[in-house]
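# Survey of secondary and tertiary structure
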Amino acid sequence: MKKLLKLMVAVLMVISFTACSGEESTDEQKAVVENFFKYVKECEFDKLDDIAEKEVVDSFGLDSMEASLSVYSDPETYGQVFVDETEDFKKAVFENLFTDIKIGDIEVDGDTTTVKVTGQFTDYSTISLDTSVVKEMSETYINENKDELAKIYKEQGITAYQIKIYDAIAPQYYEQMKAALKDAKSSDLTATFKLENKDDKWIITSITD
């Protein structure tokens, strides 16, 4: 009887182990979706290309948003102060683009996985980098500092003259832009991420509501 009980326990342990080992892990797929939001938050858009198809990134307008915020990225033209202020503003934009992200149900069907995601999405559609504001601020600064700017232009040239203006207006301009971000509205985000296993690597191929 004891031998029979031991045999039954052993069989049950084998069955239990087989069932557990047969469950397909979804850790990799979950990590891919989590990294999608992480890369957006940290402005690491080049890394998105490794985990998502281009059409997916384009569907959110992420590239165009990043490009519009990188217009003033050349320190030799705009000066380091303006470039740094631009980078800080860009980080502020994408840091709060997606918030309260939670990973829900994950379903695997062969080489396809769907991942449910909920959270908040900030609508920046009413926020834009208005270059006319830069022009207006520049003109005001020039009128108020004609003598100093004339001297810089004469002694150092047009580039130094322009950088001096950008250095001066950058803090005011981006303070105004950061204030505008606070008026952006948040909406509920409910999305289904579809991932496909391509060459032993999970790639986001679509995101739907």
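For the structure, see preceding data.
Residues numbered from 1 in each chain as written. Predicted model: local features only at pLDDT ≥ 70, side-chain atom pairs only at ≥ 80, totals over all residues. Heavy atoms only, no water.

In terms of regular secondary structure, the protein is built from 10 helices and 4 strands. Ordered by position in the sequence, the α and β elements of the protein form the string α-α-α-α-α-α-α-β-β-α-α-α-β-β. Counting all 209 residues of the protein, 33% fall into the buried class. Considering only contacts within the protein whose residues lie at least 6 apart along the sequence, 66% involve residues at least 24 apart. When the accessible area of the protein is evaluated, it comes to approximately 13200 Å², of which 50% is carbon and sulfur surface. (Helix = DSSP H or I, 4+ residues; strand = E, 2+ residues; numbered from the N terminus. Buried < 20%, exposed > 50% of the residue type's maximum accessible area, 1.4 Å probe, protein only. Contact = heavy atoms within 4.5 Å. Areas by Shrake-Rupley, 256 points an atom, 1.4 Å probe, with all protein chains shown as cover.)

Moving on: the environment of D88. Tracing the backbone through its elements, the reader meets D88 in helix α7 (residues 80–95). For D88, a relative accessible area of 39% translates into the label partly exposed. It is 9.6 Å that separates the C-alpha atoms of D88 and K178, two residues lying 90 residues apart in sequence.

Turning next to the packing of aromatic side chains. Each aromatic ring pair is specified by the distance between its two centres and by the angle formed by the two planes. Scanning the model with the defined rule gives 14 aromatic pairs in all. Where F36 meets F37, the ring centres are 5.4 Å apart and the plane angle is 90°; that geometry is what we call edge-to-face. The pair formed by F36 and F37 is uniform in burial state, with each residue classed as buried. (Phe/Tyr/Trp six-rings, centres within 6.5 Å; stacked < 30°, edge-to-face > 60°.)

This paragraph deals with the sheet that holds strand β1 (residues 98–109). The strands making up a sheet are joined through hydrogen bonds of the backbone, oriented either antiparallel or parallel. With antiparallel pairing, the 4 strands of this open sheet are ordered in space as β1-β2-β3-β4. Every other strand in the sheet has two partners, leaving β1 and β4 (202–208) as the edge strands with one partner each. Averaged over all neighbouring strand pairs, the angle between strand axes comes to 25°, with direction disregarded. Looking at chain direction, strand β3 (residues 185–197) and β4 are connected through 6 bridges and run antiparallel. Among the inter-strand pairings, L195 is bridged to a residue of β4, identified as I204. (Pairing = 2+ DSSP bridges. Axes fitted to C-alpha atoms, helices over the stretch in contact; angles between N-to-C directions.)

There is a patch of like negative charges on the surface, built from E28, D111, D199 and D200. With respect to the helices, strands and loops of the structure, D111 is situated in the loop between β1 and β2 (112–123). Note on D111: relative accessible area 51%, which makes it exposed. (Patch = residues over 30% accessible without salt bridge, like charges linked within 9 Å, V, L, I, M, F, W, Y side chains within 5 Å. Salt bridge = Lys/Arg side-chain N within 4 Å of Asp/Glu carboxyl O. Lys, Arg positive; Asp, Glu negative; His and termini not counted. Charge placed at Lys NZ, Arg CZ, Asp CG, Glu CD.)

Moving on: helix α2 (residues 27–41). Relative to the 21 Å expected for 15 residues at 1.5 Å per residue, α2 spans 21 Å between its end C-alpha atoms, a close match to the ideal helical length. Considered for burial, the residues of α2 that qualify are Q29, V32, V33, F36, F37, Y39 and V40. Viewed along the axis of α2, the buried residues span an arc of 165°, placing them on a single side of the element. Directly beyond the C-terminal end of α2, a positive phi value near 60° is found at C43. (Expected span 1.5 Å × (residues − 1). Arc of directions from axis to C-beta.)

Of all hydrophobic cores here, the largest spans 48 residues; its most connected members are F36, L48, L62, F82, F94, F193 and I204. When residues no more than four places from it in sequence are discounted, the contact partners of F193 are V33, F36, F37, T113, T114, V115, V117, I204, S206 and I207. (Core = buried A, V, L, I, M, F, W, Y, C linked by side-chain atoms within 4.5 Å.)

A few words on the pattern of salt bridges. Tallying each qualifying case throughout the model produces 7 salt bridges. Here E53 makes a salt bridge to K198, at a shortest N to O gap of 2.5 Å. Within this pair, whereas E53 is found in the loop between α3 (45–51) and α4 (54–59), its partner K198 is found in the loop between β3 and β4, the two being separated by 145 residues in sequence. On the basis of relative accessibility, which here comes to 24%, the residue E53 falls in the partly exposed class.

In this structure, β2 lies alongside β3, joined through 12 bridges in antiparallel fashion. Counterpart to D123 in the pairing with β3 is K185. Hairpin connection between β3 and β4: a loop of 4 residues separates the two successive antiparallel strands, and D199 in this loop has a positive phi of roughly 55°.

The geometry of helix α9 (residues 146–156) relative to helix α10 (residues 158–181) is characterised by a closest axis approach of 7 Å and an angle of 145° between their N-to-C directions. Contacts between α9 and α10 involve E148, L149, I152, Y153 and Q156 from the first element and I158, A160, Y161, K164 and I165 from the second. Broken down by class, the residue content of the contact of α9 with α10 amounts to 7 nonpolar, 1 polar and 2 charged. (Nonpolar A, V, L, I, M, F, W, Y, C, P; charged D, E, K, R; others polar.)

Read these as spatial facts, not as claims about activity.
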